[in-house]
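Coordinate inspection notes
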Amino acid sequence: QVQLVESGGGLVQAGGSLRLSCAASGRTFSSYAMGWFRQAPGKEREFVAVISGNGANTNYANSVKGRFTISRDNAKNTVYLQMNSLKPEDTAVYYCAARIGLAISTWYSYNYWGQGTQVTVSS
């Protein structure tokens, strides 16, 4: 079992930056692949970025590639999402998620979820 708590969301102007954090409970954090997903009003949940348990492998949605960076600090049981050059279309609730195994991009493959943090980008 792992519990996840996101933080760092907020309101930012287009072109600005935010860093999301996701703190995990438990002693085996490095065993979990971690992902960031987002959901905008009226839209389905979508993949943003994932990272493997040891941090060696990452994958990004095309829409955020080159602007967002996922990273993790296993000593702090925390995963981060650095978001730069934000656009209004990045507005959504952002969720972190965890699963045992490979860092894959399908949200329904993740077993554990945080409560979400709102990111709003104004034009």
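Refer to the structure presented above.
What you see is a predicted model; the values in this text were computed from it and never measured. (Residues numbered from 1 in each chain as written. Predicted model: local features only at pLDDT ≥ 70, side-chain atom pairs only at ≥ 80, totals over all residues. Heavy atoms only, no water.)

**Digging into the state of the cysteines**
Convention followed: Put simply, a disulfide is two cysteine sulfurs that come within 2.5 Å. In this description a helix means any DSSP run of H or I spanning at least four residues, a strand means any run of E spanning at least two, and both kinds are numbered starting from the N terminus. Summary of the burial criterion: residues with accessible area below 20% of their type's maximum are buried, those above 50% are exposed, and those between are partly exposed, where the area comes from a 1.4 Å probe applied to protein chains only.
Following the criterion strictly, the structure yields one disulfide and no others. Two residues share a disulfide in this structure: Cys22 and Cys96, whose sulfurs sit 1.9 Å from each other. Residues Cys22 and Cys96 share a disulfide whose torsion about the S-S bond is about 45 degrees; that sign makes it right-handed. Here Cys22 is found in strand S3 (residues 18-24), whereas its partner Cys96 is found in strand S9 (residues 92-100), with 74 residues between them in sequence. Among the residues examined, Cys96 registers a relative accessible area of 0% and is labelled buried.

**Here we look at the side chain of Arg72**
Definition in use: Charge convention: Lys and Arg are scored as positive, Asp and Glu as negative, and His as well as the terminal groups of each chain are ignored. The salt bridge definition used is simple: a Lys or Arg side-chain nitrogen within 4 Å of an Asp or Glu carboxyl oxygen. Here a polar contact is recorded for every N or O atom pair within 3.5 Å, except that within protein the pair must consist of a potential hydrogen donor and a potential acceptor, and residues adjacent in sequence are included only if both atoms are side-chain atoms. We call two residues contacting when some pair of their heavy atoms lies within 4.5 Å.
Along the chain, Arg72 turns up in strand S7 (residues 68-73). Here Arg72 occupies a buried position and makes no salt bridge, while the nearest side chain of opposite charge, Asp73, is found at 8.3 Å. Polar contacts involving the side chain of Arg72 include one to the main-chain carbonyl oxygen of Phe29, which spans 2.9 Å. A distance of 3.4 Å separates a polar atom in the side chain of Arg72 from the backbone oxygen of Gly53. Those residues within four positions of Arg72 in sequence are excluded, and the remaining contacts are Phe29, Ser30, Tyr32, Ala33, Met34, Ile51, Ser52, Gly53, Gly55, Thr78, Val79 and Tyr80.

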